[in-house]
Amino acid sequence: MLLTPPAALADTPRQQLARAQERLDTLSRDLEIQIEECNLSREQLKAAKRAVADNRATYEKAEAKLARVADQRSRVAAQLYKERTGGHALASLTVSAESLTDYAERMAWLDITQQARTTAFERYASTRTTLAASGDVLEAAKHEAAGANATAQRSCDATRRRVEAEQDRIADLSAEVERLEAAARERSQARRATSTSAPAAAPAPAPAPAPAVSGNAGVAVQFALAQVGKPYAWGGSGPGSYDCSGLMMAAWGAAGVSLPHNSGMQYGATRRVARDQLQPGDILFFGSPIHHDAMYIGNGQMVEAPRTGLNVRVVSMDRSDYVGAGRP
């Protein structure tokens, strides 16, 4: 008779729960990276759209100036034609001229004016042509950025669905583990009906309060702390939900400081701060590539929008993937 080896036995619900949590942690990290990549592609798309709009505005100005110069050039050409062909304007010019020298100077002025108008016309025509070509390039860049943004969003959506499915599985397994452990506790209590109950565990100490902070950093810290308990949401920048860089952008935005909606770009937009020089309000960066950030609030703590399924919270800043800090 063959016996089933222990290694082949079905996992217990607790073992299944542990493995599901490991998968969720991996998926959550992947999703966090993809979300920040999506935020970056969205910032790049916004920049491409601004470049197209600026180029279009400049082109329209050049076109309007070209039309004015063309009109002026036509009027000067007509004036020269009249002067040189004996039109009515010639008599007026001759009568008003004080001498032949004066008359010659007036004709020379008309020639110079026409030449200047022609030069200006050619210059603005060249500028308009250059701007039109630039516009084509910028439009192509905008479409490319839009495509990259759409691809990043699809990737985020696919991973988020996997995260949500794993969270549902964890919820079911957690309920099953709780049911089994409750039944085990009831059996144990029945066997030890005469035993005294073990003393209740002392509650975990509350985190130390953040020190008072003034100025812009104080505004940013208080804003971030006021969001504690609100849900994490990809692309969220408030007021109801946030992702990590969205929370930093909104918090410092409340203090009048503009930051891009991407943790890597925020790293590049801030001044480096040594770990032993941290002050409340500084932004802490994590991961390689950088895909998470949070706000230092003092006493080794930070406020963060962690990941899908969790709410904005205050936690220790100690993480193994700490990269550095920046001060807006």
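In this numbering scheme, every chain counts its residues from 1 along its sequence in written order. Under the rules for a predicted model, residues below a pLDDT of 70 receive no local features and side-chain atom pairs below 80 are neither given nor counted, while totals for whole chains, interfaces and linings still include all residues. Only heavy atoms go into the side-chain values, all of them from the structure, while hydrogens and water stay out.

*Asks:* Give me the lowdown on the sheet that holds strand β5 (residues 313-316), citing residues and values where you can.
*Replies:* Where strands meet in a sheet, backbone hydrogen bonds hold them as pairs that are either parallel or antiparallel. Strand order in this open sheet of six strands is β1-β6-β2-β3-β4-β5, and the pairing throughout is antiparallel. Each edge of the sheet is formed by a strand with only one pairing partner; in this case those strands are β1 (271-273) and β5. Between one strand axis and the next, the sheet turns by 40° as a mean value, whatever way the strands run. Where strand β2 (residues 283-286) meets strand β6 (residues 322-327), four bridges bridge the pair, whose relative direction is antiparallel. For I283, the partnering residue across the bridge sits in β6 and is G326. Its contacts with the sheet put helix α5 (residues 244-254) on β2, β3 (292-298) and β4 (301-304), and the angle it makes with β3 is roughly 45°. Two strands pair under a simple rule: DSSP has to find at least two bridges between them. Secondary structure elements are taken from DSSP: a helix is a run of H or I of four residues or more, a strand is a run of E of two residues or more, and numbering for both begins at the N terminus. Here an axis means a line fitted to C-alpha atoms, over the contact stretch when the element is a helix, while the angle between two N-to-C directions is reported on a 0 to 180 degree scale. We call two residues contacting when some pair of their heavy atoms lies within 4.5 Å.

*Asks:* I'd like to hear about the nonpolar core, residue by residue, with values.
*Replies:* Put simply, buried Ala, Val, Leu, Ile, Met, Phe, Trp, Tyr and Cys residues joined by side-chain atoms within 4.5 Å make one nonpolar core. When accessible area is computed with a 1.4 Å probe and restricted to protein chains, residues below 20% of their type maximum are described as buried, those above 50% as exposed, and intermediate ones as partly exposed. One finds W252 and M295 to be the most contacted residues of the largest nonpolar core, which totals 33 residues. Elements that contribute at least two residues to this core include exactly α1 (13-85), α3 (100-191), α4 (215-226), α5, β2 and β3. With seven residues, α1 is the largest single contributor of residues to this core. Apart from residues lying up to four places away in sequence, W252 is in contact with N216, A217, A220, V257, L259, G281, I283, M295 and P328. Within the second largest apolar cluster, ten residues are counted, among which are V273, L284, M302 and Y322.

*Asks:* Please give an account of the environment of Q167 that cites residues and values.
*Replies:* As for its placement among the helices and strands, Q167 is situated in helix α3. The exposure class assigned to Q167 is partly exposed, which follows from its relative accessible area of 22%. In this structure the C-alpha to C-alpha distance between Q167 and A20, which are 147 residues apart in sequence, comes to 8.4 Å. Once residues lying within four places of it in the same chain are set aside, the contact partners of Q167 are L24, T308 and G309.

*Asks:* How would you sum up the pattern of salt bridges? Please name residues and give values.
*Replies:* Just to be clear on terms, a salt bridge is a Lys or Arg side-chain nitrogen sitting within 4 Å of an Asp or Glu carboxyl oxygen. Scanning the entire structure with this criterion turns up seven salt bridges. Between R275 and D318 there is a salt bridge, and its shortest N-O distance comes to 2.9 Å. Of this pair, R275 sits in the loop between β1 and β2 while D318 sits in the loop between β5 and β6; the two residues are 43 residues apart in sequence, bridging distant segments of the chain. Since its relative accessible area comes to 58%, D318 is described here as exposed. Residue R319 is joined to D321 by a salt bridge in which the shortest nitrogen-to-oxygen separation is 2.8 Å. In this structure R319 comes out as partly exposed when scored by relative accessible area, which is 28%. A cluster of three or more residues bridged by salt bridges with shared partners is formed by R56, E139 and K142.

*Asks:* Give a detailed account of the confidence of the model for the protein chain, specifying residues and quantitative values.
*Replies:* Considering every residue of the protein chain, the mean pLDDT works out to 78; 73% of them sit at 70 or more. The predictor rates its confidence in each residue with pLDDT, a number between 0 and 100. Considering only residues more than four positions removed or in separate chains, one finds that residues 1-9, a stretch of pLDDT under 50, has one contact.

*Asks:* Which residues make up the pairing of β2, and what values go with them?
*Replies:* Residues I283 and F285 point to one face of β2 and L284 and F286 to the other, with burial holding for every one of them. Relative to β3, β2 runs antiparallel, the two sharing four bridges. Following the sheet pairing, F285 is matched in β3 by D293. Remark: five residues form the turn of the hairpin made by β2 and β3, two consecutive strands paired antiparallel; G287 in that turn has positive phi of roughly 95°.

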